[in-house]
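Remarks on the overall topology
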Amino acid sequence: MRFLTLSISILSLLLSMTAKSDDISISEVYSYNNSHLKPILQEHFSFYPLFTIDIDQKLDTLDSYNLPGEMIPYRLELQKIIASYNESHSGVIDLFNANQSPHKSSVYDQKIGILKVIPGKRSKFVLLSPCEFKSGQGNSFIEQNLFDPEHPYLVAIDTLPIAYWVHQLEPYISSQNPARIYQQSRYWLEHINQARKMTGKTLSNKARLTLASEDGSTIDHFVPLKEDIHICPKDNSHHVHFVDIQPDSETITAEIDGDIAYVPLPEMYNIAENDDASKLFMLMEQLRAASSKKGMILDLRDNHKGNRTAMIALYPFLIDPKSLPKVANIMSYRLPADEAEPWGNSDSDKLAHRFTFPANHSIWSDKERLTIEAFEMTDFRGDISHISKVPQNNWFDGKNFSRWHYMVMSPQQQFFRNMVREFDVRTADDAFIIDNFSDLINRLDDILPHYTRPEQIVVLTNQGTFNAAEILAGTLKGMDGITLMGSRSSGGSSMPQTYTLPCGTEIKLGTTLSFAPDGKAYDNIGIIPDHIVLPAADDFVFRQRLNTNRPQVVHITDNLLKKAIRFIKTSQSTTHSLEAGPIYGEDDAQEKCTVLCETEDGVWNKQWWTTLPGEMSLCQCRFPIVPMENSQPPELKDKLPNNWFGQEPGNVNYSSKSP
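In this report, the structure presented in the accompanying data block is examined. (Residues numbered from 1 in each chain as written. Predicted model: local features only at pLDDT ≥ 70, side-chain atom pairs only at ≥ 80, totals over all residues. Heavy atoms only, no water.)

Section: the sheet that holds strand β19 (residues 496-500)
- Spatially, β1-β20-β19 is the arrangement adopted by the three strands of the open sheet, whose pairing is antiparallel. At either end of the open sheet lies a strand with only one pairing partner, and these are β1 (91-93) and β19. On average, each strand axis in the sheet is inclined to that of its neighbour by 35°, with strand direction left out of account.
- Examined bridge by bridge, β19 and strand β20 (residues 506-510) share five bridges and lie antiparallel to one another. Following the sheet pairing, Thr 500 is matched in β20 by Glu 506.
- Taken strand by strand, helix α4 (residues 71-83) contacts β1 and β20, and its axis lies near 145° from that of β1. (Pairing = 2+ DSSP bridges. Helix = DSSP H or I, 4+ residues; strand = E, 2+ residues; numbered from the N terminus. Axes fitted to C-alpha atoms, helices over the stretch in contact; angles between N-to-C directions. Contact = heavy atoms within 4.5 Å.)

Printed below as a string of structure tokens:
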């Protein structure tokens, strides 16, 4: 069956992309009374079957509100009901806009300042002043500084400790992931009257802020609330530049050439929008300069917008061109009650706008299909143990959820080429998007034959890494020569639908479950980096020179970026994967991989996976880094497998029947 037989047009598939957020799919608007809210949850919400919540008792509380007069209390109660299911994308849209007026300001829009999070067992908030414009000596800058450099940490508001506020706000947050909890609390505490309303406090146009120093001494500031408090925008005209650390000052420098390429990626650019498409194509062109360098740093911090077309474009630059395809994401959608074939047909296109298809879809190449077959032999079940207490074997029964759908990444992105080549263009908008897709493929074909991947790649993440950026980080984790560094991401990759109630309140409900290659659902856990590195308060200080064409580092004391630079400069080894023949379980891997890696003067790092069921598995070995002019160890030149830079490590136990 040709791919052009999909039941929805390319424009429909990509409507979600025009929203500049990976968490919004094709919008369907429904009108229901409060009494019909239960069927919405029961029939559409992906997390509803995973819990045994007494929804009738919870929904009864909504009937006590008189609308529209008690609209905000009504929405807050509804938010708590939805949040109790812990699905990161789901909740009430625009909690405090009771008049449905996007331009009308209110007391809820006022801020105390800009807050940043330092995660950890005892997470901290850092208070920044608003973005300011400054000029002098012929130069102009925008700057963002600590509100009180001697006391950078916000420890209390209105005399109440931050821990108290976060605890009180937690029932409104659709996640159990501490990274997500503090990230969402940060927004409500910035808009302190929102937090006050949610916790039953008196609203006011000012706040008492208690700030603390490194040694614990405190000082109080009484601040008026303001609406015009903004964070400084970053100039991303120089996506790719080169960074180093000045040994005398310990500051980070940016140059137009060097050994370590730095790639800041603030969002996953949306190829369905002209401006975003231009940025993505510019980035691809600038990546030429990173070819054959000692290292590359891909910065995904605070990247929570965009969609997966950026993954299609960037993934081939991060792996070896000989790499085999890799399963990057596994999804299952909530089955609607009226779906005739509950497990879908072979060419199901329900998740096509996520580039995610069933295993037997006609879009896959032979190599991609074999990759999926090998993955399925790992006895993948979809681990929801960190979300729900529903027994692991009971939730995926074919009654509530579709069959598994897969996103497969490869250097050639063959499924994407098949989609572009075979799709039937029906409208002018279709033609525009297909032209951009074709342009993306042409650029890959033009650049990649002359591009050599840097030996070491470090990917930076934090609690602001979410959605498509999180999928990219999860795909890259564990791959040869790639290290994740920073802090845990927020955890969320569902596909929400929007529903409108008669009173005007809009809600988002996740309609899919989404899993990382290690088998765990993204929600409530996120991606945990290989090396945890937390920021310091000074790292958030921002200074950017305007009207210059030279690359620059806007956070010159960035602790995480320094660690990444040093990691690349001082690394003495990297990982590569070697063919080992069939491997039957962990004991067999222990024996075969240990010997194979030692034979080639390397050390097995305990990671292995199967590429061809019953015939071939790979062992990931750690080897000394050799000089760039001779990047492959001489003794390995004739023995390297086709997937020199490897696939996903076997973090799950392989059964003895599944080599």
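There's plenty left to go through after this.
A word on the state of the cysteines
- The full count for this structure, using the stated rule, is three disulfides.
- Across a sulfur-sulfur distance of 2.0 Å, Cys 593 and Cys 619 are joined as a disulfide pair. Across the disulfide from Cys 593 to Cys 619, rotation about the S-S bond amounts to roughly -70°, and the bridge is consequently left-handed. With Cys 593 in helix α15 (residues 585-599) and Cys 619 in strand β26 (residues 616-624), the pair connects residues that are 26 residues apart, well separated along the chain.
- Its relative accessible area of 0% is what places Cys 593 among the buried residues.
- Disulfide partner of Cys 597: Cys 621, at an S-S distance of 2.0 Å. Between Cys 597 and Cys 621 the disulfide shows an S-S torsion of about -70°. By sign, it is left-handed. Here Cys 597, found in helix α15, pairs with Cys 621, found in strand β26; they are 24 residues apart in sequence, far enough to count as distant. The pair Cys 597 / Cys 621 is uniform in exposure class, with both members buried.
- If one numbers only the bonded cysteines of the chain, in the order they occur, the disulfide pattern is 1-2, 3-5, 4-6. (Disulfide = S-S within 2.5 Å. Buried < 20%, exposed > 50% of the residue type's maximum accessible area, 1.4 Å probe, protein only.)

Notes on the side chain of Asn 462
- Following the sequence through the fold, Asn 462 ends up in the loop between β17 (456-461) and α13 (468-476).
- Reaching out from Asn 462, the side chain makes a polar contact with the backbone nitrogen of Asp 302 at a distance of 2.9 Å.
- Of the polar contacts made by the side chain of Asn 462, one reaches the backbone nitrogen of Gly 464; its length is 2.9 Å. (Polar contact = N/O pair within 3.5 Å; in protein donor to acceptor, adjacent residues only side chain to side chain.)

Points about the packing of helix α8 (residues 274-286) against helix α9 (residues 309-318)
- Between α8 and α9, the least distance of the axes is 11 Å, while the angle of their chain directions is 0°. The angle between α8 and α9 places the two elements in the roughly parallel class. Contact residues: α8 offers Leu 280, Leu 283 and Met 284, while α9 offers Thr 309, Ala 310, Ala 313, Leu 314 and Phe 317.
- Of the residues contributing to the contact of α8 with α9, the split by class is seven nonpolar, one polar and no charged. (Parallel < 35°, antiparallel > 145°, perpendicular 65-115°, else oblique. Nonpolar A, V, L, I, M, F, W, Y, C, P; charged D, E, K, R; others polar.)

Remarks on the packing of helix α5 (residues 162-169) against helix α6 (residues 178-190)
- Two elements in contact, α5 and α6, have axes whose closest approach is 10 Å; the angle formed by their N-to-C orientations is 105°. Of the possible angle classes, the one that applies to α5 and α6 is roughly perpendicular. Together, Ile 162, Trp 165, Val 166 and Leu 169 of α5 and Ile 181, Tyr 182, Ser 185, Trp 188 and Leu 189 of α6 make up the contact between the two elements.
- Across the contact of α5 with α6, the residue classes break down as eight nonpolar, one polar and no charged.

Points about the sheet that holds strand β24 (residues 573-581)
- One open sheet holds the three strands; their spatial order is β24-β26-β25, and the pairing between them is antiparallel. Two strands lie at the open edges of the sheet, namely β24 and β25 (603-612), each paired on one side alone. Each adjacent strand pair in this sheet contributes to an overall mean axis angle of 30°, direction not counted.
- Relative to β26, β24 runs antiparallel, the two being bridged by eight bridges. In the sheet register, Glu 579 faces β26, and the bridge partner there is Leu 618.

Here we look at the packing of aromatic side chains
- This model, assessed by the stated rule, comprises 22 aromatic pairs.
- Ring centres 6.2 Å apart and planes at 75° place the aromatic pair Tyr 164 and Trp 165 in the edge-to-face group.
- For Tyr 164, a relative accessible area of 28% corresponds to the partly exposed category.
- For Trp 165, a relative accessible area of 0% gives the class buried.
- Here Tyr 172 and Trp 188 contribute two aromatic rings whose centre-to-centre distance is 6.4 Å and whose plane-to-plane angle is 80°, an arrangement assigned as edge-to-face. On the criterion of sequence distance, the pair formed by Tyr 172 in the loop between α5 and α6 and Trp 188 in helix α6 is long-range, its members being 16 residues apart.
- Using a relative accessible area of 7% as the deciding quantity, one classes Tyr 172 as buried.
- Through a chain of ring-to-ring contacts, three or more aromatic side chains come together here, namely Phe 355, Phe 357, Trp 364, Phe 415, Phe 416 and Phe 437.
- When the ring centre of Trp 165 is taken as origin, the NZ or CZ atom of Lys 201, which lies over that ring, is 5.5 Å away. (Phe/Tyr/Trp six-rings, centres within 6.5 Å; stacked < 30°, edge-to-face > 60°. Lys NZ or Arg CZ within 6 Å of the ring centre and 35° of its normal.)

Take it as geometry only, folks, not as evidence of what the structure does.
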